[in-house]
Amino acid sequence: MVQQDSMRFWCSVTPDVNGTFELLGIPPGRYALTLGSWSLERIPPIEVSIGRDSVVRLTIPVRKADYVAECMRQPRCASVLTRATTAELDPESADPSGVAGYRLAIAMSMRAWPKGSEMVVCVPPQFVQALAEVYPAVSSRADCSWPEPRKTGTRLRHTPSGREAVGVEVSAQESIAEDRRRLTFAYHAAGLWAGGFECTIERVTGVWTPIACRGTWIS
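Residues numbered from 1 in each chain as written. Predicted model: local features only at pLDDT ≥ 70, side-chain atom pairs only at ≥ 80, totals over all residues. Heavy atoms only, no water.

1. Focus: helix 2 (residues 75–82)
Along helix 2, the positions that sit buried rather than exposed are Cys77, Ala78, Val80 and Leu81. For helix 2, the arc enclosing every buried residue in end-on projection is 165°, short of the 170-degree limit, so these residues lie on one face. In helix 2, those exposed residues whose orientation departs by more than 90 degrees from the buried face are Pro75 and Thr82. (Buried < 20%, exposed > 50% of the residue type's maximum accessible area, 1.4 Å probe, protein only. Helix = DSSP H or I, 4+ residues; strand = E, 2+ residues; numbered from the N terminus. Arc of directions from axis to C-beta.)

2. Some words on the pattern of salt bridges
Pairing is possible between side chains that carry opposite charge, provided their charged atoms lie close to one another. Throughout the structure, instances matching the rule amount to 7 salt bridges. Between Asp179 and Arg203 there is a salt bridge whose closest N-O contact spans 2.8 Å. Residue Asp179 is found in the loop between strand 8 (165–177) and strand 9 (180–190), and its partner Arg203 is found in strand 10 (residues 193–204); the two are separated by 24 residues along the sequence. With relative accessibility at 31%, the residue Asp179 sits in the partly exposed group. (Salt bridge = Lys/Arg side-chain N within 4 Å of Asp/Glu carboxyl O.)

3. Concerning the sheet that holds strand 5 (residues 138–140)
Taking strand neighbours across the sheet as the criterion, the 6 strands line up as 5-4-8-9-10-11 in an open arrangement whose pairing is mixed. Single-partner strands in this sheet number two, and they are strand 5 and strand 11 (207–218). On average, adjacent strands in this sheet sit at an angle of 30° to one another, irrespective of strand direction. (Pairing = 2+ DSSP bridges. Axes fitted to C-alpha atoms, helices over the stretch in contact; angles between N-to-C directions.)

4. Remarks on the packing of aromatic side chains
One pass over the structure, following the stated rule, counts 4 aromatic pairs. With a centroid separation of 5.3 Å and an interplanar angle of 25°, the aromatic rings of Phe185 and Phe197 are classed as stacked. Here the residue Phe185 occupies a position in strand 9, and Phe197 occupies one in strand 10, the gap between them amounting to 12 residues. Comparing Phe185 with Phe197, the two get one shared label, buried. Here the aromatic rings of Tyr187 and Phe197 are separated by 6.0 Å at their centres, their planes lie at 35°, and the arrangement is tilted. Residue Tyr187 is located in strand 9, and its partner Phe197 is located in strand 10; the two are separated by 10 residues in the primary sequence. Taken as a pair, Tyr187 and Phe197 share a single burial class, namely buried. In this structure an aromatic cluster arises from ring pairing among Tyr67, Phe185, Tyr187 and Phe197. (Phe/Tyr/Trp six-rings, centres within 6.5 Å; stacked < 30°, edge-to-face > 60°.)

5. Re the confidence of the model for the chain
Should the pLDDT be low somewhere, the predicted coordinates at that spot are not to be read in detail. For the chain, the average pLDDT comes to 82, and 84% of its residues sit at 70 or higher. For the chain, the element scoring lowest by mean pLDDT is strand 1 (residues 2–3), at 62; strand 5 scores highest, at 96. (pLDDT = per-residue confidence, 0-100.)

6. Focus on the environment of Thr82
Examined against the element boundaries, Thr82 turns out to sit in helix 2. Distance in space between the C-alpha atoms of Thr82 and Arg103 is 9.2 Å, their sequence separation being 21 residues. Those residues within four positions of Thr82 in sequence are excluded, and the remaining contacts are Met72 and Arg103. Side-chain polar atoms of Thr82 contact the backbone oxygen of Ala78, separated by 2.8 Å. (Contact = heavy atoms within 4.5 Å. Polar contact = N/O pair within 3.5 Å; in protein donor to acceptor, adjacent residues only side chain to side chain.)

7. Remarks on unusual backbone geometry
Of note in this structure, Asp53 is not a glycine but carries a positive phi near 60°. Note that Asp53 resides in the loop between strand 3 (46–50) and helix 1 (67–72). Judged by relative accessible area, Asp53 falls into the exposed class, the value being 79%.

Here it is, written out as structure tokens:
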């Protein structure tokens, strides 16, 4: 929770197993209350006004996160998620699900970025050409670096342009069935701005399509 008037006061709390939480000793003012969990659907900040010696009680409805559905509601994210690359459609391609995995990683990471469509995405060099069809601001990870000295809030940068960047990495790909794979991947944009995902993709009419995704960690 952050004080809107001056930004000089903020606090956080972890709910109990029932989802109940309590904040005490909050100075009077107008605040923005946010909820953060990779397992819950994101909701807009809630404005709360606190007076002197007042008690504010809130009931906040939440739902389990559906990352694919959330991405589909964001036009830029949806365009990356649903548009197959030429490499994926090529039956002679050596690794079509690899390209699809990084396309999915870009889309899911965009869902997590406040300004996702404005950042350069750093990927392994062999996927740059294919992924540029759906996300032009893609670059080889060799062109991205951490400015020195690297601190907690230091942002990854695209060295040639100086723009903020985010790195994505598909760390594992498991075959569940002939036309179904499980992918594990992560994104890193800053020292404490990163997250991991596990997603299932299925080949439908020749195109790898996401079925479900869940967050596995966040920092």
